Amino acid sequence: MSTFTPSINFSGARGSNTGDQFHELWALQLVLDLLRPETDLKAVGVEGVRTETPPQNAGNPTWDGVDCTLYYGGTTLETADQIEFAQLKYSAANPETVWSVARLTANTAKKGNNSVIRKMADDFKGAKARIKQGVQLKIRLISNQDLSAELKKALDTRWSVPLEISDIDQATIANLKCLNASAGLAVTEFQDFLETLDFSECGAQSRFAVREKVV
């Protein structure tokens, strides 16, 4: 039976914030999908990830980069057949500002790394330690702001040889190295991480469009 946890509150100061409204409406449209008899979506989680007993050596991830979790075929990381993490970023004031390599890797923490890409990478590692073998993992960035051309090119680039001897242009190599360093992953792990990223919904919709879909 499909489930949804936890509930969403549309009242008060939280509901007055445009970013929170976008988060709530985007999650609500997924919750409504749970009503479709033919759906494989079993649960939608908001502000958290449902796991069973974590492995002893897997650490204790904070899931800071996960605003919504979609569970297909099961209701936890360990039992689902497909998992999607969604991080939602909405700007009413600057919708034309793009997501660049510099912005995705920007770190404002005095200790550690709180960049968007590092949070996604940490969530990737936490999920990989818990999901079943062969489970499809997707990490999505949902935003009304589009991607820069340089970031699109870097995310679309794959390599199977050391970057220094590949035919990738030097600017893209530098961007990939910057993303890799900020993610804090080994090169081989970083390639797998890139395969899970889905930024296709960046610059695609406003909260008004999402509201209309919900209605």
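Higher on the page you've got the structure.
Report on the accompanying structure. Every value quoted in this text rests on a predicted model; they were computed, and no experiment measured them.

Counting its secondary structure elements, the protein chain contains 8 helices and 6 strands. Secondary structure elements of the protein chain occur, N-terminal to C-terminal, as β-α-α-β-β-β-α-α-β-α-α-α-β-α. Out of the 215 residues in the protein chain, the part that is buried amounts to 46%. The long-range fraction of contacts in the protein chain, counting pairs at least 24 apart against all pairs at least 6 apart in sequence, stands at 68%.

Core analysis: the largest hydrophobic core is formed by 41 residues, its most contacted members being F85, L104, F190, F193, L197 and F199. Of all the secondary-structure elements, those providing two or more residues to this core are β4 (82–89), α3 (101–104), α4 (116–128), β5 (136–143), α5 (149–156), α6 (170–183) and α7 (187–196). Considering each element in turn, this core owes the most residues, 6 residues, to α4. Membership of the second largest hydrophobic core comes to 16 residues, among which are A27, V31, C68 and A86.

Most of β5 sits out of view: 6 of its 8 residues are buried. With 8 bridges joining them, β4 and β5 adopt parallel strand pairing. Looking across to β5, one finds that A86 is bridged to R140.

For the rest of this paragraph, the subject is the pattern of salt bridges. Taken as a whole and judged by the stated rule, the model has 8 salt bridges. For K138, the salt bridge identified is with D198, shortest N-O distance 3.7 Å. Highlighted residues: K138 in strand β5 and D198 in strand β6 (residues 197–198), separated in sequence by 60 residues. With a shortest N-O distance of 2.1 Å, E201 and R140 are connected by a salt bridge. Here E201, found in the loop between β6 and α8 (207–214), pairs with R140, found in strand β5; they are 61 residues apart in sequence, far enough to count as distant.

Moving on: the packing of α4 against α7. For the pair α4 and α7, interaxial distance at closest approach is 11 Å and the crossing angle is 100°. When the axis of α4 is compared with that of α7, the two are roughly perpendicular. Residue-level inspection shows I117, M120, A121, F124 and K125 of α4 in contact with α7, the latter providing E189, D192, F193 and T196. Across the contact of α4 with α7, the residue classes break down as 5 nonpolar, 1 polar and 3 charged.

Here Q87 is to be found in strand β4. Residues Q87 and L141 lie 54 residues apart in sequence; the distance between their C-alpha atoms is 5.1 Å. At 3.3 Å, the side chain of Q87 forms a polar contact with the backbone oxygen of G65.

Mapped onto the elements of the fold, A181 is located in helix α6. Here A181 falls in the exposed class, since its relative accessible area comes to 55%. Sequence separation of A181 and R118 is 63 residues, and the distance between their C-alpha atoms is 9.1 Å.

On to α6, then. Compared with an ideal rise of 1.5 Å per residue, which puts 14 residues at 20 Å, α6 spans 20 Å between its outermost C-alpha atoms and is within 8% of the ideal. Of the positions making up α6, those classed as buried are T172, I173, N175, L176, L179, N180, S182 and A183. Taken together, the buried residues of α6 touch α3, α4, α5 and α7. Here α6 starts with a cap whose side-chain oxygen sits 3.3 Å from the backbone nitrogen of A171, and that cap is D169. Note on α6: the residue one or two positions beyond its end, G184, has a positive phi of about 75°.

About the cut-offs
- Residues numbered from 1 in each chain as written.
- Predicted model: local features only at pLDDT ≥ 70, side-chain atom pairs only at ≥ 80, totals over all residues.
- Heavy atoms only, no water.
- Helix = DSSP H or I, 4+ residues; strand = E, 2+ residues; numbered from the N terminus.
- Buried < 20%, exposed > 50% of the residue type's maximum accessible area, 1.4 Å probe, protein only.
- Contact = heavy atoms within 4.5 Å.
- Core = buried A, V, L, I, M, F, W, Y, C linked by side-chain atoms within 4.5 Å.
- Pairing = 2+ DSSP bridges.
- Salt bridge = Lys/Arg side-chain N within 4 Å of Asp/Glu carboxyl O.
- Axes fitted to C-alpha atoms, helices over the stretch in contact; angles between N-to-C directions.
- Parallel < 35°, antiparallel > 145°, perpendicular 65-115°, else oblique.
- Nonpolar A, V, L, I, M, F, W, Y, C, P; charged D, E, K, R; others polar.
- Polar contact = N/O pair within 3.5 Å; in protein donor to acceptor, adjacent residues only side chain to side chain.
- Expected span 1.5 Å × (residues − 1).

Geometric values such as these leave the question of function open.
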